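Reading the structure
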Amino acid sequence: MGFARTCSVALVGVEGVVVEVQADLEPGVAAFTLVGLPDKSLTESRDRVRAAVVNSGGEWPQKKLTVGLSPASVPKGGSGFDLAVACAVLGAAERIDPRVLADVVMIGELGLDGRVRPVRGVLPAVLAAADAGYEQVVVPECTAAEAALVPGIAVLGVRSLRQLIAVLTDEPVPEEPPDDPGRPDPLMAGLNLPGAAFGSGMGGVAAHDQRHDFADVVGQVSARTAMEVAAAGGHHVFLQGPPGAGKTMLAERMPAIMPRLSRAESLEVTAVHSVAGMLPPGKPLVDVPPFCAPHHSATMQSLVGGGKGIARPGAVSLAHRGVLFLDEAPEFSSHALDALRQPLESGYVVIARSAGVVRLPSQFLMLLAANPCPCGRLSVTGDSCDCSPNSIRRYQSRLSGPLLDRVDLRVEVEPVTRSELTAQGARGESTQVVADRVRAARERAATRLADTPWRTNSEVPGHELRSRWQAVPGAMAEAEHSLERGVLTARGLDRVLRVAWTVADLTGHDRPDAGDVALALQLRTGVPRGAPMVVGARP
């Protein structure tokens, strides 16, 4: 009778649960039983592990073999348990000392030839192992850089089961033959879902700083100001204007003016993208705000997360700490749009399925873009709109009032004139100039909120703003009057105060004054109130 155990990690959403993999050998008819609530892909590991052990030069035990995954109540899926199962079996067969395996976490899929293939979700799995107190982890060689992002844990990257056996038994480590130069590494195929980056708009997550410059946007002073305020305070924006006015150009340049992610934020974002199989090639750590732009035909499950079994991250989680851009927003399903209301308020999504409840992070900056009517020419001077009043009303009502009430800034994007488009030397401020102001405003807000759980003005609850961080006396009079007239809701008044604090941070004021509140109210309602639509240059 032989027994050995080692550890692996089961992912539930973007959170990991350490699983003990136990192997027991008893005399009897040769059989391989896998228990512990495995799914179909994990059940198939019996054949993968057997072939990998034999092709790695090991001897498969001809006894009754039982492999248990504990705790048995946690659903387990995927091929990431292969490496742990193989080592537990070899430990029970006394090929490896069982004492060496007990405190090691192993993550990886095995090929039939014994090569260790990568799996998605290595970073959150290693984070879970570190939180549970483990100090050693074994991962596929090509994901070792991702696993090494977790501090305080020793990472061993292996390319084959033969190498791992040699390391655990203190034998000479064999050299694996390199792949042919010029050909893609076949082991990297397990890291990314085919076409996933294109389907979600994530293809340029690390390249937007070089490709998109705010100076390319002609005119649009109001819209540029709104984008700068949104980036500085984390406020949601609704851009409405005719086709070709520059709504998409503005949205694509938003991540470039946002500050880079902190170390903790980078780990959060990387963990989500690792689970989704959407990490940029050769970049284990995502340190820039992600930009996710799903098509308007996206389902509710693809936006907020879902799928069979344990729910997988959706667009709102892939845009965590970044930008979610919904172009042609009225064309999205009304159910999908209304499903965004809860993550907009709480910063996370809770998805309940029969296999378990998953909590996914979703703290993002939302950009909505829409035409004024189905044909898009309603506000174009000198052109006729072909839409009937009823069709215009139906089109505009697709964005529900509760959803728009959670949007801080509403901007009318005017069409670009001929003089603006053809003028020489009329380029606006560059991305670098705007990004410097945004970073300075973020630093002022972070200093003010240093002893709180919040870091941006959009996160501060309204009652805290009204009690701890008040505007200059009398500055909120016009906004309070708008509340009495029904122009603003109570939530809308709080959001005006949040935006006013962001404007004050951009202009260098200690507290929002009447001018800051007027600009915030103008950006909130879309109604001109005489405030100059510029920040950073007002006294």
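To be clear, the structure that these remarks concern was listed above.
Everything in this summary refers to the structure shown in the same document. Because the structure is predicted, anything quoted here is derived from the model rather than measured. (Residues numbered from 1 in each chain as written. Predicted model: local features only at pLDDT ≥ 70, side-chain atom pairs only at ≥ 80, totals over all residues. Heavy atoms only, no water.)

1. Focus: the overall build of the protein
Looking only at helices and strands, one finds 24 helices and 16 strands in the protein. In terms of principal-axis extent, the alpha carbons of the protein reach across some 85 × 50 × 45 Å. Each of the 539 residues in the protein was classed as buried or not, and the buried ones make up 50%. Of all intrachain contacts in the protein linking residues separated by at least 6 positions in sequence, the fraction that spans at least 24 positions is 72%. (Helix = DSSP H or I, 4+ residues; strand = E, 2+ residues; numbered from the N terminus. Buried < 20%, exposed > 50% of the residue type's maximum accessible area, 1.4 Å probe, protein only. Contact = heavy atoms within 4.5 Å.)

2. Description of the sheet that holds strand E15 (residues 365–370)
An order of E11-E12-E15-E10-E16 is seen for the five strands of this open sheet, with the pairing classed as parallel. The sheet terminates laterally at strand E11 (291–292) and strand E16 (409–412), the two strands that pair on one side only. Across two bridges, the pairing between E11 and strand E12 (residues 323–326) is parallel. Residue Cys-292 lies in a different strand from E12, and its bridge partner there is Leu-324. Sitting on the sheet, helix H11 (residues 247–257) touches strand E10 (237–240), E11, E12 and E15, and the angle it makes with E15 is about 170 degrees. (Pairing = 2+ DSSP bridges. Axes fitted to C-alpha atoms, helices over the stretch in contact; angles between N-to-C directions.)

3. Considerations on unusual backbone geometry
For the bond running from Ser-70 to Pro-71, omega is 10 degrees, close enough to zero to count as cis. Turning to its location among the elements, Pro-71 is positioned in the loop between strand E4 (64–70) and helix H3 (82–92). Residue Glu-94 is not a glycine yet carries a positive backbone phi of 65 degrees. With respect to the helices, strands and loops of the structure, Glu-94 is situated in the loop between H3 and helix H4 (98–101). A relative accessible area of 68% places Glu-94 in the exposed class.

4. Focus on the packing of aromatic side chains
Inspection of the entire model under this criterion finds two aromatic pairs. Taking the centre distance of 5.6 Å and the plane angle of 45 degrees together, the rings of Phe-32 and Trp-60 count as tilted. With a gap of 28 residues between them, Phe-32 in strand E3 (residues 31–35) and Trp-60 in the loop between helix H2 (45–55) and E4 connect regions that are remote in the sequence. For the pair formed by Phe-32 and Trp-60, the shared burial category is buried. The ring of Tyr-348 carries Arg-359 above its face, with NZ or CZ at 3.7 Å from the centroid. (Phe/Tyr/Trp six-rings, centres within 6.5 Å; stacked < 30°, edge-to-face > 60°. Lys NZ or Arg CZ within 6 Å of the ring centre and 35° of its normal.)

5. Here's the deal with the layout of surface pockets
Estimated volume of the largest pocket: approximately 1200 Å³. Taken together, 46 residues line the largest pocket, and the ones lying closest to its centre are His-320, Arg-321, Gln-363, Thr-456 and Glu-459. Looking at the lining of the largest pocket, the elements with two or more residues in it are helix H12 (263–276), helix H16 (341–346), strand E14 (356–361), helix H20 (431–448) and helix H23 (490–507). It is H12 that provides the largest number of residues to the lining of the largest pocket, a total of six residues. Class assignment of the residues belonging to the lining of the largest pocket gives a composition of 20 nonpolar, eleven polar and 15 charged. Its boundaries defined by the atoms lining it, the second largest pocket holds a volume of some 800 Å³. Along the wall of the second largest pocket there are 33 residues; nearest its centre are Leu-11, Asp-39, Gly-77, Gly-78 and Arg-312. Elements with a contribution of two residues or more to the lining of the second largest pocket: strand E1 (2–12) and helix H5 (122–131). It is E1 that contributes the most residues to the lining of the second largest pocket, five residues altogether. Among the residues forming the lining of the second largest pocket, the class breakdown is 17 nonpolar, eleven polar and five charged. (1 Å grid on protein atoms, 1.4 Å probe; cavity = no way out; pocket = protein on both sides within 12 Å on 5 of 7 lines; lining within 4 Å. Points joined across faces, edges and corners; volume = space filled by probe spheres on them. Nonpolar A, V, L, I, M, F, W, Y, C, P; charged D, E, K, R; others polar.)

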